[in-house]
Amino acid sequence: MSHEEGEDVRDRLNSLLQKKTFDAYDLHKLIVDKWGYSYDVQVRRVAAANDAIYVNIMWRYLEQQSFPLSQEEYFMNLQAIAELIVQWGAVDFFRSYVTATKEKPRVGKTVAIPMPLDSKRSSEFLF
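Residues numbered from 1 in each chain as written. Predicted model: local features only at pLDDT ≥ 70, side-chain atom pairs only at ≥ 80, totals over all residues. Heavy atoms only, no water.

Visitor: Would you mind going over the pattern of salt bridges with me for this structure?
Guide: Applying the stated criterion across every chain yields a total of three salt bridges. The residue Lys-29 makes a salt bridge to Asp-33 at a minimum N-O spacing of 2.6 Å. Of this pair, Lys-29 and Asp-33 are both found in helix H2 (residues 24-35), four residues apart, which corresponds to roughly one turn of the helix. For the salt bridge of Arg-60 with Asp-40, the shortest nitrogen-to-oxygen distance reads 2.5 Å. With a gap of 20 residues between them, Arg-60 in strand S2 (residues 52-61) and Asp-40 in strand S1 (residues 39-46) connect regions that are remote in the sequence. (Salt bridge = Lys/Arg side-chain N within 4 Å of Asp/Glu carboxyl O. Helix = DSSP H or I, 4+ residues; strand = E, 2+ residues; numbered from the N terminus.)

Visitor: What is the right way to look at the sheet that holds S1 in this model?
Guide: Whenever strands of a sheet pair, they do so through backbone hydrogen bonds, lying parallel or antiparallel. Pairing is antiparallel across the open sheet formed by three strands, whose spatial order is S1-S2-S3. Each having just a single partner strand, S1 and strand S3 (111-114) make up the two edges of the open sheet. Ignoring which end each strand starts from, the neighbouring axes of this sheet average 25° apart. In terms of strand pairing, S2 meets S3 through four bridges, oriented antiparallel. Following the sheet pairing, Val-55 is matched in S3 by Ile-113. Across the sheet, helix H3 (residues 71-87) touches S1 and S2, and the angle it forms with S1 is around 45°. Lying over the sheet, helix H4 (residues 91-100) contacts S2 and S3, oriented at roughly 145° with respect to S3. (Pairing = 2+ DSSP bridges. Axes fitted to C-alpha atoms, helices over the stretch in contact; angles between N-to-C directions. Contact = heavy atoms within 4.5 Å.)

Visitor: Please explain the environment of Ala-52 as it appears in this structure.
Guide: With respect to the secondary-structure elements, Ala-52 resides in strand S2. You can call Ala-52 buried: its relative accessible area is 19%. Discounting chain neighbours no more than four positions away, the residues touching Ala-52 are Arg-44, Arg-45 and Val-46. (Buried < 20%, exposed > 50% of the residue type's maximum accessible area, 1.4 Å probe, protein only.)

Visitor: Quick question: what am I supposed to make of the packing of aromatic side chains here?
Guide: Two aromatic rings, taken as a pair, are described by how far apart their centres are and by the angle between their planes. Following the criterion strictly, the structure yields nine aromatic pairs and no others. Centre to centre, the rings of Trp-35 and Tyr-39 are 6.5 Å apart; their planes meet at 85°, and the pair counts as edge-to-face. Each ring, one from Tyr-37 and one from Tyr-61, has its centre 4.3 Å from the other, and the planes form 35°; the classification is tilted. In this pair, Tyr-37 is assigned in the loop between H2 and S1 and Tyr-61 in strand S2, connecting sequence segments 24 residues apart. Residue classification places Tyr-61 among the buried residues on the basis of a relative accessible area of 19%. Three or more aromatic residues joined by ring pairs form one cluster here, namely Tyr-25, Phe-67, Tyr-74 and Phe-75. (Phe/Tyr/Trp six-rings, centres within 6.5 Å; stacked < 30°, edge-to-face > 60°.)

Visitor: In this structure, what is going on with H4? I would like to understand it.
Guide: For an α-helix, 3.6 residues make a turn, and residues three or four places apart therefore share a direction. Along H4, the residues classified as buried are Val-91, Phe-94 and Val-98. The buried side chains of H4 occupy one side of the element, clustering within an arc of 70° when seen end-on. Residues Thr-99 and Ala-100 are exposed on H4 and point more than 90 degrees away from its buried face. Considering only its buried residues, H4 is in contact with H2, S2, H3 and S3. (Arc of directions from axis to C-beta.)

What follows is the structure, encoded as structure tokens:
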């Protein structure tokens with residue numbers, strides 16, 4: 001293992017040790033506290049932007065009659081996304097971004113939150 005790879009492993013271990021608990025219920029509370037509804041959340045990778053990864057807060061929400069997921073499916077999706085945010089070591093970043101943003105999801109417009117990952121790290125995740 002090269003010195004550079006060792007540094008990368010050390011950085012990842014440090015971020016794992018510093019992570020706080022963050023799950024579907026925390027993510028849901030953050031969204032509802034900010035925008036008042038249980039908005040859908042999706043993860044997207046944009047290849048044109050150096051494989052940047054975004055967590056998108058969509059305009060559809062659980063309380064809509066036409067929402068395509070059951071409550072259980074919705075929370076399972078939130079849990080999967082919360083786990084990714086934890087793996088990326090981006091919990092504090094994500095919370096701060098949501099809290100500070102003036103954007104609001106509306107029809108045809110997501111709140112796109114860019115995750116703070118370098119292109120090497122983001123390429124590890126397939127979407």
